[in-house]
Amino acid sequence: MKAGAVPTRKWLVLLAGLLVCLGFALWRAGEAGQAVVDYGRQQALADQQGMLVWLYDNPFQTGPARASIHPVPRLHQDRDLKGRRAYPFAWRWVGLLRVDQPGQYVLGVYASEAVRLRLDGRRLVERWVGGPPRPHQVLVSLEAGPHLLDLADVQGVDSLDLSLQWLPPDGQALTTIPSDRLTPLDPKSDPAVLDELNFLVQRWRTLIWLLPLAWLGLWWLVLRDWPRTRRILRRDWPFLLVLGLAGVLRLLWGATVPGISGESAFYIWRSELIIEGARPFQGMITRNGPFFEYLMVLPTLIWGAVPWVLSASAAVLNLLALVFCYRVLGREAGRTQALIACLVLAVFPAEVMFARIPLDYTSLGPLLFFWGLDLLSRSRSHPGLAVAAGLLWGVGIFNHSIFVVFPACLGLAALLIGRLKVILAPQTWGLGLGMVLAMLPRGVNRMLLPDQDPMSFMDPARFLDLPGFLEIFWRMLDGEVVYRLYTGQLLLDGHGVLAWAVVAAAVVLVIFAWRRDGQAWLDLTPLIALGVHLLIAPIGAPTANPRYFINAGILASLVLARAFFRLWRSAPGRWKLLPALVLLAWVGVSLTGLGVNYFYCHLTSGGRPQVWESPLLDHVSDAWMNHAELAEALKQRGYPVVATGDYWHHTLNLALNLYQGRERVFQATDIASRSNTERAAVFYNSPEGRERVDTFLAGNAEEIYLPVSLGPELDRKYLLFERTWPPVDYPSDPEGFR
Amino acid sequence: MSRFVLSRLPIWLTGAVLGLLSQAAWIQAANAKEWDLGRGEIILRLSLGLLGGALVFWLLCEALFRGARALGLDPWPRLQTLGRFLTSTAWELAGLGRASGRRAWLKGLALVLAMGLGLGWWFGWRPAQGCAAVRDYFLAHQDEPSQGLRACLYPNVDAADPCQDLGLTPGFDFPDLASLPGGRQRYFLLTWTGLIQVEESGVYGIGGLVDDGLEVIIDGQVVARDMRESPPREIWGKLRLDQGWHAIELHYLQLAGGATLKLWWQPPKQDRLPLGQAHLRPLKPGVSLAPVIRLRLEHGLHPRQGSTYDPFEGGRFWSLPW
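Time to look at the overall build of chain B. Within chain B one finds five helices and 12 strands. Principal-axis analysis of the C-alpha atoms places the extent of chain B at approximately 90 × 55 × 45 Å. By the burial criterion, 44% of the 322 residues in chain B qualify as buried. At a minimum sequence separation of 6, the contacts of chain B that also span at least 24 residues come to 71%. Put simply, chain B shows about 17000 Å² of open surface, and 61% of that area lies on carbon and sulfur atoms. Taking the 32 positively charged and 29 negatively charged side chains of chain B as two groups, their mean positions are separated by 14 Å.

Here it is as structure tokens:
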């Protein structure tokens, strides 16, 4: 057999695994669909015809629903409220469809505003956005027997438009589904149960293709060359331990430790849009996305839009970044250096906590950085890989322009250290070419749609904010900023020990670099890059964005790790123990800080955010904020719809919705898309927030909102206004609904 | 590689980049002024910018360097060195000098080819088959000696009732509600079905002035569509058609208020012409369009609408499941 060829036996293992995964997922998907039908059968009122209708007093299907039974919908009329104000509303029609003849059926819906049609839990029509009446048709293959039809719909304020049609296999035209074909569900049945069953259908239908892909990945990486895998396990077990530690720190209490800001919620919301068919640039601003959103699509399909999915996804991406870090440093500086760097990155409080703040950049950024570095390192023997490295870094910049500081800082460091000779290397050109190619679509999009992103992110005047940035960086290294913002407490003050350690490491590296022993470039590169980064960060950022600080944190970790390694390497004989003990002490301090200030404080306080007395952090950007407590308070107050007004990302509403998990008690909406069914409005307690209050009240002149207290802790951060008049009532005009 | 090419390579590359950048800047300026640039014009400008920039910059450099030579300067050897560096760098990066690099290229090309074939089948061949099947169905049910299109009135906008056959329509110029066939005032759907003859292959425009909604479907493909309630405005679409007969469906929607429908079409290289009956042929009375609905759905000709909108635009939308 040719060297490196995969034996037939292993191909058979791959094939068998693929078939098993596919078969299992198909079976489970079928079972999930059948469970929906079974639920319909259990709840069906066999002696009645028509459909069960859950009617809501708002367009978001939140709050209590009124249940009643009606014939199949066929409504095309003006709304008639006899002088009363019309509000948009939602309703959900559910019924068991009896099919006698198997075959290809066309199902059609004609509806204005938003509409979603499910059959046996499968989404057939999905248009959850306002608009004029439009027809939707789908072709489905139906077996004889009962099938559960589930039609959710929103109606606007001008007219009622809704009809449900079909075209049987032998039909000559689309007609309204006859009511005698449909059996309504019991009005006592619970829409939440149906939602959960529908979700399981979505999950297993996704796994039909995802499970075989996962098996393919496992086979390719682990099983294809089992001796090699065993070799790696035997050789790199210390790294696997470090990886395990990093995983535990990032995944521990995944569902309870928050850190999901509104901006994080934006990504999972975008992934929901993508699931529903959004093209790459739809629903995004020009400097941001869409790669993290596309990655988030997979876990969202399987687990739904819940906060821990975001945290866990970010953690997994960070662990992958560690793998590439280990690879590249192992190749360039040896396995010991790689192991130390990974250990530092694994336990450095700043890195651990940023890995828990899932943004495009904190999650995907480190992975793209280390993966690109790995390819760049391999391009020494295969120069073409430099183009691939450039493509990855270009994707990073495409994904968020802040990524440019990585190549910029490293590039500047390389130019200085290599005394410009680096320009002549083919790898430099390949890297540049790859970056240009990857950024081209973003450039074209930005050029063609300049209005999408009018904000400037290059303002030299912001250099005046440098002291503030440096202070945040200093306090971020041992996690103080995040401890205060997320747990509201700082039980164990580290007095900047970890930050001073970085300064000491920098001094050590300068001394070693002075010796010019052929390894000096490895000492100086992260150091120069960190210095450059700290200097240029404020110019490109109007606020203390976590994205900048994770960059700085990674570079600081590399500086620390390099200094530990240098001290250990140069120490003679028994003295080697000393740097090892220092490293262990450093790890101990980091873990203690994390354990006490992050995990313990959070568990005791519930993760209460605190106002941070810095204009760079407060209110201007909500990227640091944790809105879990506010979400809980609003849930308890029982408003079905709450308007929110924040400064620029309009994401407070997204965070509040995300914190509620898949079963939403209330719907938070942006004030720009208000439906007039809001019972309350919440704003930041800041000058910008108060401006938004004025805008909101001016835009709702016919409604009376009065301020109410959320309690002393939350009042420091938020302003709540409750609607007192006029009341929002269930719609009375659709015939027979009162 | 010849000395001539090596020495000119840096000049061509620089010129091409400068040309491209100039056109990109021009397009951005045009966008800022809200000039209506077509996609074709943008592509043409960028392509010509690339080639024209290389050519113009080369000619300029040739003239300048000739002048420089008269002054005793000769930049060509340095440019040749630069060209040699660029080509060797490109060769290194391409990896064609190594077996592994060549294999990577082969695998990449195979992958691109496979993806291209798959996408071509899904987005090209499959809908084209659907168009042909719809056309064949219409041809099989044409009312051969007649001219014009057959009108049908649905008394409800959802088209779920049997339609009332209103016979043949001679022209498509209905200035108001009273002139429209059927005699209804509001909430109705009028459809016209038949075939349209195309005398030469090319890109055809079709549409008109409409209040409220119009959908034009040719060979099962939606050419123009806007079904919103609106005052009269133009609804227009374009489609490439081959010579011969093509299936045509017109759906006119009246919701409330005024009503207008004036239709034109535009053969290649001609002005817009009123959509008369000379090039139109109706279907036989009572022909069922159910098979056409199925064909359109089977072949992906039915436009799919998703829940997509720009979250930063504000406006009216009903939030997602969470």
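For the coordinates displayed, the defined rule picks out one disulfide over all chains. Between the sulfur of cysteine 152 of chain B and that of cysteine 163 of chain B lies a disulfide, 1.8 Å long from S to S. Linking cysteine 152 of chain B and cysteine 163 of chain B, the disulfide has an S-S dihedral of approximately 60° and is accordingly described as right-handed. Note that cysteine 152 of chain B is positioned in strand E1 (residues 149–154) and cysteine 163 of chain B in the loop between E1 and strand E2 (164–169), a separation of 11 residues in sequence. Overall, cysteine 152 of chain B belongs to the buried group, its relative accessible area being 13%. There is no disulfide at cysteine 409 of chain A, and the cysteine sulfur nearest it, in cysteine 325 of chain A, is 17 Å away. With a relative accessible area of 1%, cysteine 409 of chain A lands in the buried category.

With that out of the way, let us pick up the sheet that holds strand E16 (residues 704–708) of chain A. Residues and elements named next belong to chain A. Spatial ordering of the open sheet is given by E14-E13-E15-E17-E16, a layout of five strands whose pairing is mixed. Strand pairing shows two members of the sheet lacking a second neighbour, strand E14 (667–670) and E16, which therefore form its edges. Neighbouring strand axes in the sheet, compared pairwise and without regard to direction, differ in orientation by 30° on average. Where helix H21 (residues 652–659) meets the sheet, it contacts strand E13 (641–645), E14 and strand E15 (680–684), and its direction lies at approximately 165° from that of E14. Lying on the sheet, helix H22 (residues 687–699) is in contact with E13, E15, E16 and strand E17 (718–725); it crosses E15 at an angle near 155°.

Residues and elements named next belong to chain A. Here helix H17 (residues 520–536) spans 24 Å end to end across 17 residues, near enough to the 24 Å set by a 1.5 Å rise per residue. Of all the positions in H17, only Ala520, Leu522, Asp523, Thr525, Pro526, Leu527, Ala529, Leu530, Val532, His533 and Leu534 are classed as buried. Considering only its buried residues, H17 is in contact with helix H7 (307–333), helix H12 (405–417), helix H14 (466–477), helix H16 (497–514) and helix H18 (546–570).

Taken together, the side chains of Leu111, Met115, Leu119, Trp121, Trp122, Phe123 and Trp125 of chain B make up a nonpolar region of the molecular surface, amounting to roughly 840 Å² of accessible area. Within the secondary structure, tryptophan 121 of chain B is located in helix H4 (residues 99–140).

The next subject is the pattern of salt bridges. All names here are of chain B. Evaluated as defined, the whole model comprises 32 salt bridges over all chains. The residue arginine 8 makes a salt bridge to glutamate 62 at a minimum N-O spacing of 2.8 Å. With a gap of 54 residues between them, arginine 8 in helix H1 (residues 3–32) and glutamate 62 in helix H2 (residues 39–70) connect regions that are remote in the sequence. As far as burial versus exposure is concerned, arginine 8 and glutamate 62 are alike and both buried. Between arginine 228 and aspartate 226 there is a salt bridge; the shortest N-O distance is 2.8 Å.

Another point: the pairing of strand E5 (residues 103–111) of chain A. Looking along a regular strand, one sees side chains alternate from face to face of the sheet. Residues and elements named next belong to chain A. Counting buried residues along E5, seven of its nine residues qualify, which places the element largely inside the surrounding structure. As paired elements, E5 and strand E8 (residues 134–142) share nine bridges and run antiparallel to each other. Across the sheet, the residue bridging to alanine 111 is arginine 134, located in E8. When E5 meets strand E10 (residues 159–167), the two strands line up antiparallel, connected through six bridges. The residue of E10 that forms the bridge with alanine 111 is leucine 162.

Let us now look at the packing of H16 of chain A against H17 of chain A. All names here are of chain A. The interhelical angle for the contact between H16 and H17, taken along N-to-C directions, is 145°, at an axis separation of 9 Å. Read as a crossing pair, H16 and H17 show a hand that is left-handed. Of the residues in H17, those touching H16 at Ala506, Leu509, Val510, Phe512 and Ala513 are Ala520, Asp523, Leu524 and Leu527. When grouped by side-chain class, the residues that make up the contact of H16 with H17 number eight nonpolar, no polar and one charged.

Attention now goes to the confidence of the model for chain B. Overall, the predicted model of chain B reaches an average pLDDT of 88, with 93% of residues at or above 70. Scored below 50 in pLDDT, residues 309–322 of chain B shows 63 contacts in the model against residues more than four places distant or in partner chains.

With that settled, consider the packing of helix H4 (residues 237–251) of chain A against H7 of chain A. Residue and element names in this part refer to chain A. For the pair H4 and H7, interaxial distance at closest approach is 10 Å and the crossing angle is 160°. Compared by their axis directions, H4 and H7 come out roughly antiparallel. Taken as a pair, H4 and H7 cross one another with a handedness that is right-handed. Counting all contacts with H4, which are made through Phe239, Leu243, Ala246, Gly247, Arg250 and Leu251, the residues of H7 involved are Ala312, Ala315, Asn318, Leu319, Leu322, Val323 and Tyr326. Looking at the contact of H4 with H7 residue by residue, the class counts come to 10 nonpolar, two polar and one charged.

Counted according to the given criterion, the structure contains 33 aromatic pairs over all chains. With 6.1 Å between their ring centres and 80° between their planes, phenylalanine 683 of chain A and phenylalanine 721 of chain A make a pair best called edge-to-face. Linking phenylalanine 683 of chain A in strand E15 with phenylalanine 721 of chain A in strand E17, this pair joins segments that are 38 residues apart in sequence. Phenylalanine 683 of chain A sits in the buried class, given a relative accessible area of 0%. Relative accessible area serves as the criterion here: at 13%, phenylalanine 721 of chain A is assigned to the buried category. Following the ring pairs from residue to residue traces out a cluster consisting of Phe369, Phe370, Trp393, Phe403 and Phe406 of chain A. Over the face of the ring belonging to tryptophan 76 of chain B we find arginine 8 of chain B, whose NZ or CZ atom lies 3.8 Å from the ring centre. Over the face of the ring belonging to tryptophan 26 of chain B we find arginine 45 of chain B, whose NZ or CZ atom lies 3.6 Å from the ring centre.

All names here are of chain A. For the largest pocket, the calculated volume is near 1600 Å³. What lines the largest pocket is a set of 32 residues, and nearest its centre among them are Leu221, Arg228, Leu320, Val323 and Arg327. The set of elements that each furnish at least two residues to the lining of the largest pocket consists of helix H2 (191–223), helix H3 (226–235), H4 and H7. No other element matches H2, which puts 10 residues into the lining of the largest pocket. Here the lining of the largest pocket is composed, by residue class, of 21 nonpolar, three polar and eight charged.

Taking 1.5 Å per residue as the helical rise, helix H10 (residues 360–378) of chain A with its 19 residues ought to reach 27 Å, and the 26 Å between its terminal C-alpha atoms agrees with that figure. Within H10 of chain A, 15 of the 19 residues are buried, leaving the element largely enclosed by the surrounding structure.

What counts as what
- Residues numbered from 1 in each chain as written.
- Chains lettered and ligands numbered in written order.
- Predicted model: local features only at pLDDT ≥ 70, side-chain atom pairs only at ≥ 80, totals over all residues.
- Heavy atoms only, no water.
- Helix = DSSP H or I, 4+ residues; strand = E, 2+ residues; numbered from the N terminus.
- Buried < 20%, exposed > 50% of the residue type's maximum accessible area, 1.4 Å probe, protein only.
- Contact = heavy atoms within 4.5 Å.
- Areas by Shrake-Rupley, 256 points an atom, 1.4 Å probe, with all protein chains shown as cover.
- Lys, Arg positive; Asp, Glu negative; His and termini not counted.
- Charge placed at Lys NZ, Arg CZ, Asp CG, Glu CD.
- Disulfide = S-S within 2.5 Å.
- Pairing = 2+ DSSP bridges.
- Axes fitted to C-alpha atoms, helices over the stretch in contact; angles between N-to-C directions.
- Expected span 1.5 Å × (residues − 1).
- Patch = residues over 30% accessible without salt bridge, like charges linked within 9 Å, V, L, I, M, F, W, Y side chains within 5 Å.
- Salt bridge = Lys/Arg side-chain N within 4 Å of Asp/Glu carboxyl O.
- Left-handed = near helix turned anticlockwise from the far one by under 90°.
- Nonpolar A, V, L, I, M, F, W, Y, C, P; charged D, E, K, R; others polar.
- pLDDT = per-residue confidence, 0-100.
- Parallel < 35°, antiparallel > 145°, perpendicular 65-115°, else oblique.
- Phe/Tyr/Trp six-rings, centres within 6.5 Å; stacked < 30°, edge-to-face > 60°.
- Lys NZ or Arg CZ within 6 Å of the ring centre and 35° of its normal.
- 1 Å grid on protein atoms, 1.4 Å probe; cavity = no way out; pocket = protein on both sides within 12 Å on 5 of 7 lines; lining within 4 Å.
- Points joined across faces, edges and corners; volume = space filled by probe spheres on them.

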